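# A closer look at the structure
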Amino acid sequence: MIGGGGVAGIAWITGLLAGLAEAGQDVTANADVLIGTSAGATVAAQLGSGLSLEELFARQVDPALQSRELMAVIDWEKFASDMEQYTSAADAPDERLRSYGRFALDADTVPEPQRRAVIESRLPSHDWPASPLKLTAVDCVSGELTVFEAASGVSLVDAVGASTAVPGIWPPVTINGRRYMDGGIRSADNADLAVGAERIIVISPLGMNSPFPSPMPLREVLTSLKDGGATVTVISPDEASTVAIGANALDPATRVPAATAGRAQGRTGLPPAF
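Note that the structure is predicted; figures quoted are calculated from it, not measured.

Conventions and cut-offs
- Along each chain, numbering runs from 1 in the same order as the chain's sequence is written.
- For this predicted model, a pLDDT threshold of at least 70 governs which residues receive local features, and a threshold of 80 or more governs which side-chain atom pairs are given and counted, while totals over whole chains, interfaces and linings are taken from all residues.
- Derived side-chain values reflect all non-hydrogen atoms in the structure, with water molecules and hydrogen atoms excluded from consideration.
- Put simply, DSSP H or I for four residues or longer makes a helix, DSSP E for two residues or longer makes a strand, and each gets a number counted from the N terminus.
- As defined in this context, the radius of gyration uses C-alpha atoms, and a globule is described by 2.2 Å times the residue total to the power 0.38.
- Classification of residues uses two cut-offs on accessible area relative to the type maximum, computed with a 1.4 Å probe and protein chains only: under 20% is buried, over 50% is exposed, and between them is partly exposed.
- Between two residues, a contact is recorded if the distance between any of their heavy atoms is within 4.5 Å.
- What makes a salt bridge here is a side-chain nitrogen of Lys or Arg within 4 Å of a carboxyl oxygen of Asp or Glu, nothing more.
- Points on a 1 Å grid, built from protein atoms alone, make a cavity when a 1.4 Å probe fits but cannot get out and make a pocket when they are open with protein on both sides within 12 Å along at least 5 of 7 lines; residues with an atom within 4 Å of a point are the lining residues.
- Grid points are joined across faces, edges and corners, and a volume is the space filled by probe spheres set on the points.
- Three residue categories are used. Nonpolar comprises Ala, Val, Leu, Ile, Met, Phe, Trp, Tyr, Cys and Pro, charged comprises Asp, Glu, Lys and Arg, and polar comprises the others, including Gly.
- Strand pairing is assigned whenever DSSP detects at least two bridges linking the two strands.
- Residues belong to a common nonpolar core when they are buried Ala, Val, Leu, Ile, Met, Phe, Trp, Tyr or Cys residues joined through side-chain atoms within 4.5 Å.
- N or O atoms within 3.5 Å of each other form a polar contact, as long as, within protein, one can give a hydrogen and the other can take it, and as long as residues adjacent in sequence are counted only when both atoms are side-chain atoms.
- Stacked, edge-to-face and tilted are the three classes for Phe, Tyr and Trp ring pairs, Trp counted by its six-membered ring, which pair at centre distances within 6.5 Å; planes under 30 degrees apart are stacked, over 60 edge-to-face, the rest tilted.
- Geometrically, a charge over a ring is one whose NZ (Lys) or CZ (Arg) sits within 6 Å of the ring centre while staying within 35 degrees of the ring normal.

Another aspect to go through is the overall build of the protein. Per the secondary structure count, the protein includes ten helices and seven strands. At 17 Å, the protein has a C-alpha radius of gyration in line with the 19 Å of a compact globule built from 274 residues. Considering only C-alpha atoms, the protein reaches an extent of 50 × 45 × 40 Å along its principal axes. When each of the 274 residues of the protein is scored for burial, the buried share is 50%. Nonlocal contacts in the protein, meaning residues at least 24 apart in sequence, comprise 76% of its contacts between residues at least 6 apart.

Turning our attention to the pattern of salt bridges. Throughout the structure, instances matching the rule amount to twelve salt bridges. The salt bridge involving Arg179 is made with Glu112; its shortest N-O contact spans 3.7 Å. One end of the pair, Arg179, is in strand β5 (residues 178-182); the other, Glu112, is in helix α6 (residues 112-122), with 67 residues separating them in the sequence. Arg179 sits in the partly exposed class, given a relative accessible area of 29%. Put simply, Asp158 and Arg116 hold a salt bridge, and the shortest N to O gap is 2.8 Å. Within this pair, whereas Asp158 is found in helix α7 (residues 156-163), its partner Arg116 is found in helix α6, the two being separated by 42 residues in sequence. Residue classification places Asp158 among the buried residues on the basis of a relative accessible area of 18%. Judged by its relative accessible area of 30%, Arg116 falls in the partly exposed class. The network of salt bridges with common partners includes Glu22, Glu54, Arg263 and Arg267.

A few words on empty space enclosed by the protein. Taken as a whole, this structure holds one cavity of 30 Å³ or more when the rule is applied. Around the largest cavity, the lining residues are Val7, Ile10, Gln46, Arg59, Gln60, Gln66, Ser67, Glu69, Arg122 and Arg255. Classifying every residue of the lining of the largest cavity by side-chain character gives two nonpolar, four polar and four charged.

What follows covers the pairing of strand β1 (residues 34-37). Residue alternation in β1 divides its side chains into two sets, Leu34 and Gly36 and Ile35 and Thr37, and both sets are buried. Examined bridge by bridge, β1 and strand β2 (residues 133-139) share four bridges and lie parallel to one another. The partner of Thr37 across the bridge, within β2, is Thr136.

What follows is about the nonpolar core. By size, the foremost hydrophobic cluster in this structure holds 43 residues, and its most contacted members are Leu135, Phe148 and Ile203. Mapped by element, the contributors of at least two residues to this core are α1 (6-22), α2 (39-47), α3 (53-61), β2, α7, β4 (173-175), β6 (199-203) and α10 (255-266). The element best represented in this core is α1, accounting for nine residues. Discounting residues that sit within four places of it in the chain, Phe148 has contacts with Trp128, Leu133, Lys134, Leu135, Ala137, Val154, Ala159, Ala162, Ile175 and Tyr180. Of all hydrophobic cores here, the second largest spans 15 residues; its members include Met83, Leu97, Cys140 and Ile169.

Below, the discussion takes up the environment of Arg59. Structurally, Arg59 can be placed in helix α3. Within the local environment of Arg59, its side chain forms a polar contact with the backbone oxygen of Ser121, the two atoms lying 3.2 Å apart.

Another aspect to go through is the layout of surface pockets. To find leftover empty space, one rolls a probe the size of a water molecule over the atoms. Looking at the second largest pocket, its volume works out to about 560 Å³. Lining the second largest pocket we find 22 residues, and of these Ala31, Asp32, Val33, Arg199 and Ile201 sit closest to its centre. Counting only elements with at least two residues in the lining of the second largest pocket, the list comes to β1 and β6. Considering every element that reaches the lining of the second largest pocket, the biggest residue donor is β6, with four residues. In the lining of the second largest pocket, the residues fall into 15 nonpolar, three polar and four charged.

If you trace the backbone, Ala64 turns up in the loop between α3 and α4 (76-87). For Ala64, a relative accessible area of 69% translates into the label exposed. The spacing of Ala64 and Arg199 is 135 residues in sequence and 38 Å in space, taken between C-alpha atoms.

Now for the packing of aromatic side chains. A complete count under the given rule lists three aromatic pairs for this structure. Relative to Phe103, the ring of Phe79 has its centre 5.7 Å away and its plane inclined at 70°; by these criteria the two rings are edge-to-face. In this pair, Phe79 sits in helix α4 while Phe103 sits in helix α5 (residues 93-106), placing the two residues 24 residues apart along the sequence. Residue classification places Phe79 among the buried residues on the basis of a relative accessible area of 14%. Looking at Phe103, the relative accessible area reads 6%, which means it is buried. Among the aromatic residues, those joined into a cluster by ring pairs are Phe79, Tyr86 and Phe103. Lying over the aromatic face of Phe57, Arg263 brings its terminal NZ or CZ to 4.6 Å of the ring centre.

Next up, the structure:
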């Protein structure tokens, strides 16, 4: 499971994975399936590109190799106020997700093709990998979770774009006549999708105490998975990585410090199981 966290989250996760591999714990090598949400969808897709972790790390820290990102300048107070106008009357989780969808559809953002070009730039390969990959998104109208995979018949670029379409900041992605937004709106990690697995690793840039409300708090989901017999390891940013990620995880300038801090954290090895 690889969760959301903006461009800083992409960089931190990539650095973390490279550091873990250095420590002799390449957690991607033998994974039965990768499930990615938002930033995690980007990383999961990149991992299936055929590039090594070293090459993917270089794409985060070398300006000549970095993707062409759009700077998101956000007034967080106004953003929260605008969103509240849509969500204040939503009591049930499903209705709250639909209210996020209405917010996403009404928002004034960059054009969809302009955002798609960013996703194209992020992905070394635009083909679905041979290894199992699942990417989460939420239907803006129904509020339902959608999990895209190779068999879905959807382009990898569009699936990643949908999973990373933060409501109010980036445009929803149109797929087969439907509009989709960030899978992190349902859950920053969507770790419940790993139910039935015996060994689960959750890489969560937002961690246990995500600042965003969710109908599926990570701590509760992990307890349920553990009670079901799974061994679960959770990795979230340490103190140095949290500082490196900073206050705006959507700022492309965070990539070098976040990737570097993530790599240093990864070198310390996996934490104990949850």
